[in-house]
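Given next are the chains, with one letter for each unit.
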Amino acid sequence: MSKISELDPDTVSYFQKLPGYDTLRMALANKVVLVEGPSDEIVFERIFQDLYGKRPMEFGIDVISMRGLSLGRCLELCAALDKNVAVLRDNDGIDPILLRDPVENWLATDRRELFIGSVESGTTLEPQLVHHNSEASIRAILGITQVADLTKWMNREKTETALRIASTSQSITPPDYMQNAARFIHG
């Protein structure tokens, strides 16, 4: 375990320049789930609620969208604060092992873990959802006809896709990495 006083000076400078309250949220939360963007946050909240019957915040778990923030710096801060953290990220077509290497120092299998979907299931959240459900099921949930290119629509309308998935009464099969992250952070 490291201490906040042992943070790399560049990391301290990085967080000092950040706008908003996400750094404070990371510091104050009991447990943290870091996701890449708003659509990941919305879908993760739905998956968590499906699994546990309550939203993550009701368990003291704060889901924070990094919105392009540096994953390594966020993990370094969480490690210094000794936070329980689940991190979800897209594989972007890269072997998850290679994505894990740069942040390995800040992971601790019982406290902080990185969850990445398999490359075979898709490079980002949207194809992962299609892979774990079906194109027909996702089309029905989103209200997308057979004429529209589902992948293009989902990539163009990421937040709308997430909102429709979050509000559907139809069951959703979560991507493995999201389900594993929810179980990890719930404890």
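Residues numbered from 1 in each chain as written. Predicted model: local features only at pLDDT ≥ 70, side-chain atom pairs only at ≥ 80, totals over all residues. Heavy atoms only, no water.

A. Representation of the environment of Ala 136 in the model. Tracing the backbone shows Ala 136 in helix 7 (residues 135-142). Look at Ala 136 and you get exposed, because its relative accessible area is 54%. Separated by 21 residues in sequence, Ala 136 and Phe 115 place their C-alpha atoms 27 Å apart. (Helix = DSSP H or I, 4+ residues; strand = E, 2+ residues; numbered from the N terminus. Buried < 20%, exposed > 50% of the residue type's maximum accessible area, 1.4 Å probe, protein only.)

B. Spatial organisation of the state of the cysteines. This model, assessed by the stated rule, comprises zero disulfides. The closest cysteine sulfur to the non-disulfide-bonded Cys 74 is located on Cys 78, 6.7 Å from its own sulfur. On the accessibility criterion, Cys 74 (0% relative accessible area) is buried. The class for Cys 78 is buried, based on a relative accessible area of 0%. (Disulfide = S-S within 2.5 Å.)

C. Representation of the pattern of salt bridges in the model. Enumeration over the complete set of coordinates arrives at 12 salt bridges. In this structure, Arg 25 and Asp 62 form a salt bridge, with 2.6 Å as the shortest nitrogen-oxygen distance. With Arg 25 in helix 2 (residues 22-28) and Asp 62 in strand 2 (residues 61-65), the pair connects residues that are 37 residues apart, well separated along the chain. Exposure remark for Arg 25: the relative accessible area of 28% places this residue in the partly exposed category. Note that Glu 157 and Arg 156 form a salt bridge whose closest N and O atoms lie 3.4 Å from each other. (Salt bridge = Lys/Arg side-chain N within 4 Å of Asp/Glu carboxyl O.)

D. Broad picture of helix 3 (residues 38-52). Counted at 1.5 Å a residue, the expected span for helix 3 with its 15 residues is 21 Å, and the 21 Å between its end C-alpha atoms agrees. The secondary structure elements touched by the buried residues of helix 3 are strand 1 (31-35), strand 2, strand 3 (84-89), helix 6 (125-132), helix 9 (158-167) and helix 10 (176-186). Positioned one or two residues after helix 3, Gly 53 has a phi angle of 75 degrees, which is positive. (Expected span 1.5 Å × (residues − 1). Contact = heavy atoms within 4.5 Å.)

E. Quick peek at the sheet that holds strand 2. Judged by pairing direction, the sheet is parallel, and its four strands sit side by side in the order 2-1-3-4 without closing on themselves. Either end of the sheet is taken by a strand with one partner, and the two such strands are strand 2 and strand 4 (112-116). Within the sheet, the average angular offset between the axes of one strand and its neighbour, ignoring direction, is 15 degrees. Alignment of strand 1 against strand 3, held across four bridges, turns out to be parallel. Of the residues in strand 3, the one forming a bridge with Val 33 is Ala 86. Its contacts with the sheet place helix 10 against strand 1, strand 2, strand 3 and strand 4, and it is angled at close to 170 degrees to strand 3. (Pairing = 2+ DSSP bridges. Axes fitted to C-alpha atoms, helices over the stretch in contact; angles between N-to-C directions.)

F. How the structure looks around the nonpolar core. Core analysis: the biggest nonpolar cluster contains 29 residues, and Val 33, Val 43, Phe 44, Leu 88, Leu 142 and Met 178 have the highest contact counts within it. In contact with Val 43, not counting residues within four places along its chain, are Leu 125, Leu 129, Ala 162, Ile 165 and Met 178. Judged by nonpolar contacts, the second largest core, of 20 residues, contains Ala 29, Leu 75, Leu 77 and Ile 116. (Core = buried A, V, L, I, M, F, W, Y, C linked by side-chain atoms within 4.5 Å.)

G. Main features of the side chain of Arg 112. Structurally, Arg 112 can be placed in strand 4. Residue class for Arg 112 comes out buried when judged on its relative accessible area of 7%. Only 3.3 Å separates the side chain of Arg 112 from the backbone oxygen of Lys 83, close enough to count as a polar contact. One polar contact links the side chain of Arg 112 to the main-chain carbonyl oxygen of Trp 106, over a distance of 2.7 Å. When residues no more than four places from it in sequence are discounted, the contact partners of Arg 112 are Leu 75, Cys 78, Ala 79, Asp 82, Lys 83, Val 85, Trp 106, Leu 107 and Phe 184. (Polar contact = N/O pair within 3.5 Å; in protein donor to acceptor, adjacent residues only side chain to side chain.)

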